[in-house]
Amino acid sequence: YGKECYAPYTSDVEDRTGYGPFDSTGQRQWRWYSDKELNEGTYTGRSWVTYEGSGFNVTIPTNREGALRRLAFLQDNKWVDLQTRAVFV
């Protein structure tokens, strides 16, 4: 990782713009979902930062081969980057 510095996380500065490769309809594959769409609550981390239940959501297959393919695709297409603050599994 680089030495870039980003402002502390708050939901006010959260980027909700879709990103990633384009799908067959011409839309970005990864889109932001609200906490209501994901049926999630908030999470407070060890640094006392509270993350909303919203964000970019990817389903990982439950079979080994499918999971490995999906994870490789996410890695190859930079699903996690320098702006990623947290990943919940």
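Residues numbered from 1 in each chain as written. Predicted model: local features only at pLDDT ≥ 70, side-chain atom pairs only at ≥ 80, totals over all residues. Heavy atoms only, no water.

Caption draft 1: A look at the pattern of salt bridges. A complete count under the given rule lists 2 salt bridges for this structure. A salt bridge links Glu 14 to Arg 16; its shortest N-O distance comes to 3.4 Å. The exposure class of Arg 16 is partly exposed, given its relative accessible area of 44%. As a salt-bridge pair, Glu 37 and Arg 31 come within 3.2 Å of each other at their nearest N and O atoms. When its relative accessible area of 46% is taken as the criterion, Glu 37 is described as partly exposed. On the basis of relative accessible area, Arg 31 is assigned to the partly exposed category, the value being 39%. (Salt bridge = Lys/Arg side-chain N within 4 Å of Asp/Glu carboxyl O. Buried < 20%, exposed > 50% of the residue type's maximum accessible area, 1.4 Å probe, protein only.)

Caption draft 2: Highlighting the layout of surface pockets. Put simply, the largest pocket is a space of about 1300 Å³. Contributing to the lining of the largest pocket are 34 residues, with Gly 55, Phe 56, Trp 79, Thr 84 and Ala 86 lying nearest its centre. Those elements that place two or more of their residues in the lining of the largest pocket are β6 (55-56) and α2 (64-76). In terms of residue count, the dominant contributor to the lining of the largest pocket is α2 (3 residues). Across the lining of the largest pocket, the residue classes tally to 19 nonpolar, 9 polar and 6 charged. (1 Å grid on protein atoms, 1.4 Å probe; cavity = no way out; pocket = protein on both sides within 12 Å on 5 of 7 lines; lining within 4 Å. Points joined across faces, edges and corners; volume = space filled by probe spheres on them. Helix = DSSP H or I, 4+ residues; strand = E, 2+ residues; numbered from the N terminus. Nonpolar A, V, L, I, M, F, W, Y, C, P; charged D, E, K, R; others polar.)

Caption draft 3: Focus on unusual backbone geometry. Despite not being glycine, Asn 39 has its phi angle at roughly 55 degrees, a positive value. By the secondary structure assignment, Asn 39 is in the loop between α1 (35-38) and β4 (43-44). The class for Asn 39 is exposed, based on a relative accessible area of 69%. A positive phi angle is found at Lys 78, which is not glycine, with a value near 55 degrees. Mapping Lys 78 onto the fold places it in the segment after α2.

Caption draft 4: Summary view of the side chain of Ser 34. Mapped onto the fold, Ser 34 is located in the loop between β3 (32-33) and α1. Classification of Ser 34 by relative accessible area gives buried; the value is 19%. Ignoring sequence-local partners within four residues, the contact set of Ser 34 consists of Gly 53 and Ser 54. (Contact = heavy atoms within 4.5 Å.)

That's the geometry; what it means functionally is another story.
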